[in-house]
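Here is how the chains run, residue by residue.
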Amino acid sequence: MGQYDFIANAFSFGFAVMAAATLFLWFSRSQVAPAYKMAVTISGLVTAIAGYHYLQIMLSWDAAFSVTNGTIETTGYAFNQAYRYVDWLLTVPLLLVELILVMRLSRSETVSKSVTLGGAAALMIILGYPGEVAEGGATRFLFWVLSMIPFIYIVYQLVVGLKGSISKQPENVRGLINGAATLVVVSWLFYPIVFLFPLIGLTGGAAITAVEVGYTVADIVAKAVFGILILMIAMRKSEAEGKASA
């Protein structure tokens, strides 16, 4: 019962954080220059999409189980894992796009990096889903390995591929942009680790709790916290460019 409530509370907290972050980001668009409004808008869109899916996840969790005299029983409605993966399929590529947009690279470089990194992110999610819903450990591990291929490519691009572009950013935001790229890498490392929990001895309620709460914590860091960091970068760059124009 404690595990059931803990997961339900984690979903509720995730929904509240995403909803609050969406409102804060969109209401803060007036604080940045026009060149950075799209990045902040996409940041809010990411948390809005995540908030909607956390609401659906909460409803699916509630429908999948019934509690009678402190005993949890299944209702016949399966808990829908697809909501989380549809959310990721939409939001993970957008997370990379908002980072690229706030850097204000050349048009060709922006399009190129958005397509390659966004495409790799979508492929990573698509390859992960069959393993998530698989009953066998071997199938889960196989799709974990396959999804790690685009994951490693994205990490390489964030750590190495963007280094030259980051070095050309204004000095007052260079550290923040480095921090944003690092935050993506660190927060995304949660996902493949959590994915493996059922394969390292966690079973039953412990495995479900670890996976669902772990994914929720990773989502909050990767979307809400990252979105606030993007807003801070946009505000600093707007302020610096405003002073330069003056």
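Only a predicted model underlies this, so the values are computations on that prediction, with no experimental measurement involved. (Residues numbered from 1 in each chain as written. Predicted model: local features only at pLDDT ≥ 70, side-chain atom pairs only at ≥ 80, totals over all residues. Heavy atoms only, no water.)

K.L.:
Describe in detail the packing of helix α3 (residues 82-103) against helix α4 (residues 107-133), supporting the description with residues and values.
P.N.:
Across the interface, α3 lies against α4 with an axial gap of 9 Å and an inter-helix angle of 160 degrees. Put simply, α3 runs roughly antiparallel to α4. Once α3 is placed against α4, the crossing between them reads as right-handed. The class makeup of the residues in the contact of α3 with α4 is 17 nonpolar, four polar and two charged. (Axes fitted to C-alpha atoms, helices over the stretch in contact; angles between N-to-C directions. Helix = DSSP H or I, 4+ residues; strand = E, 2+ residues; numbered from the N terminus. Parallel < 35°, antiparallel > 145°, perpendicular 65-115°, else oblique. Left-handed = near helix turned anticlockwise from the far one by under 90°. Nonpolar A, V, L, I, M, F, W, Y, C, P; charged D, E, K, R; others polar.)

K.L.:
Break down the pairing of strand β2 (residues 71-74) for me, with residues and values.
P.N.:
By the bridge criterion, four bridges tie strand β1 (residues 65-68) to β2 in an arrangement that is antiparallel. Along β2, the bridge assignment pairs T68 with T71. From the end of β1 to the start of β2, which pair antiparallel, there are two residues, and N69 there has a positive phi angle of about 50 degrees. (Pairing = 2+ DSSP bridges.)

K.L.:
Please give an account of the pattern of salt bridges that cites residues and values.
P.N.:
Tallying each qualifying case throughout the model produces five salt bridges. With a shortest N-O distance of 3.2 Å, R140 and E132 are connected by a salt bridge. Among the residues examined, E132 registers a relative accessible area of 8% and is labelled buried. In this structure, D219 engages K223 in a salt bridge whose closest nitrogen and oxygen atoms are separated by 3.5 Å. Of this pair, D219 and K223 both sit in helix α8 (residues 204-245), four residues apart, which is roughly one turn of the helix. The two residues D219 and K223 agree in class, both being buried. Each of R84, D87, E212, D219 and K223 takes part in a single network of salt bridges with overlapping partners. (Salt bridge = Lys/Arg side-chain N within 4 Å of Asp/Glu carboxyl O. Buried < 20%, exposed > 50% of the residue type's maximum accessible area, 1.4 Å probe, protein only.)

K.L.:
Let's hear about a nonpolar patch on the surface: which residues, and what values?
P.N.:
A surface patch of nonpolar side chains, amounting to about 350 Å² of accessible area, comprises F141, V145, L199 and I200. Positionally, L199 belongs in the loop between α7 (171-195) and α8. Overall, L199 belongs to the partly exposed group, its relative accessible area being 31%. (Patch = residues over 30% accessible without salt bridge, like charges linked within 9 Å, V, L, I, M, F, W, Y side chains within 5 Å. Areas by Shrake-Rupley, 256 points an atom, 1.4 Å probe, with all protein chains shown as cover.)

K.L.:
Got a sec to walk through the UniProt feature "transmembrane region" (unreviewed entry) in the chain? Specific residues and values, please.
P.N.:
UniProt annotation of "transmembrane region" (unreviewed entry) refers to residues 6-26, 38-55, 85-103, 110-129, 141-159, 180-201 and 213-234 when read in the numbering used here. As annotated, residues 110-129 comprises 100% helix and 0% strand, and the C-alpha atoms at either end are separated by 29 Å. Taken end to end, residues 180-201 comprises 73% helix and 0% strand; its first and last C-alpha atoms sit 33 Å apart. (UniProt positions renumbered as here; feature names shortened; annotations may be inferred.)

K.L.:
Give a description of helix α5 (residues 137-161) that names residues and reports values.
P.N.:
Taking 1.5 Å of rise per residue, 25 residues should cover 36 Å, and α5 covers 34 Å from first to last C-alpha, within 8% of that figure. At I149, α5 shows its largest kink, close to 30 degrees, and the proline P150 lies no more than four residues downstream. (Expected span 1.5 Å × (residues − 1). Bend = angle between axes of the 7 residues up to and from the residue.)

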